[in-house]
Amino acid sequence: MYSPVLLPTLCRYDSLVKCIDSLKANAWADKTDLIVALDYPKTKTHTEGYRAIKNYLSTEDFSAFNSFQVIHRRRNYGAIDNFLELLRECFSKYDRCICLLDRKSTR
């Protein structure tokens, strides 16, 4: 069994797309379950990126993966609780996971 990949996100559209594109290019993408947890914006400054990500996740082709799931939060969980709830949901079905962040590169 391959480990699912967990990816919590909120509003960093470019970073998320680069991360998912990198995962799609992986030789084992077709054996990978990708689970994205899209948090709800807390402030108006997050809204534009959130909407871009929400649109991307609903229109992009993710057939490169064994399975693809998006968890849409209906309220803002915050980064830590979004991540912890994603872990709880994952471990209700799997016994392991790989956790990634769509962080902006500092280089």
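To start, this report covers the structure provided alongside it. (Residues numbered from 1 in each chain as written. Predicted model: local features only at pLDDT ≥ 70, side-chain atom pairs only at ≥ 80, totals over all residues. Heavy atoms only, no water.)

We now examine the packing of aromatic side chains. Summed over the entire model, instances satisfying the criterion amount to five aromatic pairs. Where Y56 meets F62, the ring centres are 5.5 Å apart and the plane angle is 90°; that geometry is what we call edge-to-face. By the burial criterion, Y56 is buried, and F62 matches it. Geometrically, the ring pair formed by F62 and F68 is stacked, given 3.8 Å between the ring centres and 5° between the ring planes. Look at F62 and you get buried, because its relative accessible area is 7%. Linked through ring pairs, Y13, Y56, F62 and F68 together constitute an aromatic cluster. The ring of Y77 is capped by R73, whose NZ or CZ atom sits 4.5 Å from the centre of that ring. Cation over ring: R75 sits above Y77, and NZ or CZ is 4.3 Å from the ring centre. (Phe/Tyr/Trp six-rings, centres within 6.5 Å; stacked < 30°, edge-to-face > 60°. Buried < 20%, exposed > 50% of the residue type's maximum accessible area, 1.4 Å probe, protein only. Lys NZ or Arg CZ within 6 Å of the ring centre and 35° of its normal.)

Another point: the packing of helix α1 (residues 13-24) against helix α2 (residues 47-59). At a minimum axis distance of 9 Å, the contact between α1 and α2 shows a crossing angle of 30°. With respect to α2, the axis of α1 lies roughly parallel. For the pair formed by α1 and α2, the contact residues are Y13, L16, V17, I20 and D21 on the first element and G49, A52, I53, Y56 and L57 on the second. (Axes fitted to C-alpha atoms, helices over the stretch in contact; angles between N-to-C directions. Helix = DSSP H or I, 4+ residues; strand = E, 2+ residues; numbered from the N terminus. Parallel < 35°, antiparallel > 145°, perpendicular 65-115°, else oblique. Contact = heavy atoms within 4.5 Å.)

Considering all chains together, one arrives at five salt bridges under this definition. Salt-bridge contacts for E89 lead to R73; the nearest nitrogen and oxygen are separated by 3.1 Å. Of the two residues, E89 sits in helix α3 (residues 78-91) while R73 sits in the loop between β3 (67-72) and α3, which places them 16 residues apart along the sequence. Note on E89: relative accessible area 25%, which makes it partly exposed. (Salt bridge = Lys/Arg side-chain N within 4 Å of Asp/Glu carboxyl O.)

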